[in-house]
Amino acid sequence: KKKFTGDTQVLYFAPSGFIFLRFICPAILGPPLYGLQSEHPRAQAARELTLLAKTIQTLANLSAFNNETDPFMVPLNPWLEQQKPAIKKFLDEISELPQRPIDEIPTPHSNINFGKEMAAIQQYIIENKDLIIKGHEEDEQMVRLIGAVEKTKLQTDITKFSDSGTINIT
């Protein structure tokens with residue numbers, strides 16, 4: 001906020017790109033890669049999913065379709081404009097740091113162990129890194145993300161070693 005005081009849109013680029021460009025839209029475009037379906041969609045369904053992902057990404061970018069590149073999508077612009085406050089609110093909420101430690105945040109399932117859940121996510125990423133990175137080998141950010149997760153796994157293993165005297169590096 002301090003660095004880009006004149007441009008209120010720029011605040012949303014990082015969280016929007018991270019969530020929508022890396023997770024939501026790829027899951028829509030390739031459901032089998034995210035365990036949402038066992039097979040790739042047929043051609044017509046794939047086209048419809050592509051248009052859906054394109055619309056969602058355009059909304060997440062807080063932009064609109066233009067007549068030169070997407071004339072058939074321009075009729076959605078009023079709806080996109082109407083949804084901008086909601087997407088900004090969503091991005092604001094997921095970008096806020098919690099006021100209390102995360103283990104104290106009430107949830108509908110108050111028995112959630114956040115540390116255990118994060119460890120499970122870390123383990124899933126490590127075990128499925130080849131599937132996750134497939135098609136993104138040239139994407140420097142994806143490679144850095146996988147590297148960072150692997151580094152935290154190694155740090156966790158080293159901590160376990162210093163506590164127990166044994167280490168299990170996979």
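Here, every reference points to the structure presented above.
Described in the following lines is the structure provided in the data block. (Residues numbered from 1 in each chain as written. Predicted model: local features only at pLDDT ≥ 70, side-chain atom pairs only at ≥ 80, totals over all residues. Heavy atoms only, no water.)

Concerning the environment of K153
1) Next: Counting through the fold element by element, K153 comes out in helix α6 (residues 140–164).
2) Next: Along the backbone, K153 and Q123 are 30 residues apart, and their C-alpha atoms lie at a distance of 8.1 Å. (Helix = DSSP H or I, 4+ residues; strand = E, 2+ residues; numbered from the N terminus.)

Notes on the pattern of salt bridges
1) Next: Overall, the coordinates contain six salt bridges when judged by the stated rule.
2) Next: Between D139 and R22 there is a salt bridge, and its shortest N-O distance comes to 2.4 Å. With D139 in the loop between α5 (129–133) and α6 and R22 in helix α1 (residues 13–29), the pair connects residues that are 117 residues apart, well separated along the chain. The residues D139 and R22 share a single accessibility class, namely buried.
3) Next: Between K89 and E93 there is a salt bridge; the shortest N-O distance is 3.6 Å. Of this pair, K89 and E93 both sit in helix α3 (residues 77–95), four residues apart, roughly one helical turn.
4) Next: For K89, a relative accessible area of 53% gives the class exposed. (Salt bridge = Lys/Arg side-chain N within 4 Å of Asp/Glu carboxyl O. Buried < 20%, exposed > 50% of the residue type's maximum accessible area, 1.4 Å probe, protein only.)

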